[in-house]
Amino acid sequence: YQRRVHGTSLFVPTIVMEPAVFVNQLHAWCNSHWMALVQKWPSYYEMIPNVVKPYVSLELSMFLAQVWVAYLLVFWGLNSLLYIVYHFNLFPHRKIQGPEKWPPRALVFDCLKHNFLEHNVTLPLLLALTVFPFIKGSVLVDLPDVLTFVSQHAFMWVWADGTFYWLHRAAHLPVFFSWVHKQHHEFHQTIGITANYVTIWEGLFVNFISTFGFVWVMVPLGFKVHVVTFTLFFALRVQESVEEHSGYRWPTLWCWIRSNEHHDFHHSHSVGAYGTFPFWDWFCGTDKAYYEHVAEKRASEKKGK
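Just so you know, these numbers come straight off a predicted model, no measurement behind them.

I would appreciate a short explanation of helix H4 (residues 105–135) in the present structure.
An α-helical segment advances 3.6 residues per turn. Residues three or four places apart therefore align on the same side. Remark: the principal bend of H4, roughly 50°, maps to Glu118. Taken together, the buried positions of H4 are Leu107, Val108, Cys111, Asn115, Glu118, His119, Leu123, Leu127, Val131, Phe132 and Ile135. Lining the buried residues of H4 we find helix H3 (58–87), helix H7 (200–212), helix H8 (215–218) and helix H9 (227–244). Just beyond H4, the residue with positive phi is Gly137, at close to 95°.

Now the structure itself:
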């Protein structure tokens, strides 16, 4: 997009002059690359052993591969970067509980084993059995239009925030806590891999429902969910959770919506602050202990000065 100014040719980015045109061009570019991958996928599918093919269709293989790669890049990629931060004690001023507080080494290794099993066994099986039947037919097709993509993501986040708050809060009830949620709270000082350190019961009835349950509502109501929409939401959800459990204050997009200290307080005190975002805690008054803690911490810091 070029415009002449005072007799000279000036390149003005389309995103500035015509945002709608830019968005449409970006969507067309993404769709062409997506469909190119779809056309190539049968050749990748042929690499799967014949003994597996009766159980894994072409469409299912592409669905699971996308989610697996997304988890690899986001969960393990971010935690690899966080390991460097932890190991070399980088950005100590951003650490929430202070540079001397870390979880026990044995607990960390147990968490790593748990997450490896989650990534390679539990998650693919659960997705294949409970989510793919709703995604089927929306994998080897063109990308949805931008309005559909944005509106569905908005619903997914509203669903995730609401269901996680109420299911997480229920998991803290005495009748459920010891066998559902206690394992996650073995980490009083959280690190990135803590995000998915949960029992099978919490994984199913809290994390899985809040992260993927939207398909069980949207699809029966006639709103098809494209696999790319699904995978990008999953990747963002994982990124948000890893950052929230990192034990650090990071100046990312999420810090404008909620503070990592909010969930860190939940782990260190095991009271209130149940939500991913602040709305439900504010609405239900379950953030009072957190804000009292913040006020006390600030008061003690002022006295120290």
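Even after reading the chapter, I still don't get a nonpolar patch on the surface, so can you show me in this structure?
A cluster of nonpolar side chains, namely Leu173, Val175, Phe176, Trp179, Ile200, Trp201 and Phe205, defines an oily patch on the protein surface of about 700 Å² accessible area. Counting only elements with at least two residues in the nonpolar patch, the list comes to helix H6 (174–180) and H7. Note on placement: Val175 falls in helix H6.

Just to check I follow, could you spell out the packing of aromatic side chains for this structure?
Here a ring pair, both rings aromatic, is described through the centre-centre distance and the interplanar angle of the planes. Under the criterion given, the structure shown has 33 aromatic pairs. Taking the centre distance of 5.5 Å and the plane angle of 55° together, the rings of Phe63 and Phe230 count as tilted. Residue Phe63 is located in helix H3, and its partner Phe230 is located in helix H9; the two are separated by 167 residues in the primary sequence. Overall, the relative accessible area of 0% leaves Phe63 in the buried class. Among the residues examined, Phe230 registers a relative accessible area of 1% and is labelled buried. Taken together, a centroid distance of 6.2 Å and an interplanar angle of 25° make the contact between Tyr165 and Trp280 stacked.

Teacher, can you tell me more about the nonpolar core here?
Soluble, globular proteins show a tendency: their nonpolar side chains are buried together. In terms of nonpolar packing, the biggest core is built from 54 residues, with Phe63, Leu127, Val131, Ile135, Phe214 and Phe230 touching the most fellow members. When residues of this core are traced back to their parent elements, those giving at least two are helix H2 (19–45), H3, H4, helix H5 (146–171), H7, H8 and H9. For this core, the element with the highest residue contribution is H3, accounting for twelve residues. Not counting the four nearest positions on each side in its chain, Phe63 is found in contact with Leu127, Val131, Phe132, Ile135, Val139, Val227 and Phe230.

About the cut-offs
Residues numbered from 1 in each chain as written. Predicted model: local features only at pLDDT ≥ 70, side-chain atom pairs only at ≥ 80, totals over all residues. Heavy atoms only, no water. Bend = angle between axes of the 7 residues up to and from the residue. Helix = DSSP H or I, 4+ residues; strand = E, 2+ residues; numbered from the N terminus. Buried < 20%, exposed > 50% of the residue type's maximum accessible area, 1.4 Å probe, protein only. Contact = heavy atoms within 4.5 Å. Patch = residues over 30% accessible without salt bridge, like charges linked within 9 Å, V, L, I, M, F, W, Y side chains within 5 Å. Areas by Shrake-Rupley, 256 points an atom, 1.4 Å probe, with all protein chains shown as cover. Salt bridge = Lys/Arg side-chain N within 4 Å of Asp/Glu carboxyl O. Phe/Tyr/Trp six-rings, centres within 6.5 Å; stacked < 30°, edge-to-face > 60°. Core = buried A, V, L, I, M, F, W, Y, C linked by side-chain atoms within 4.5 Å.

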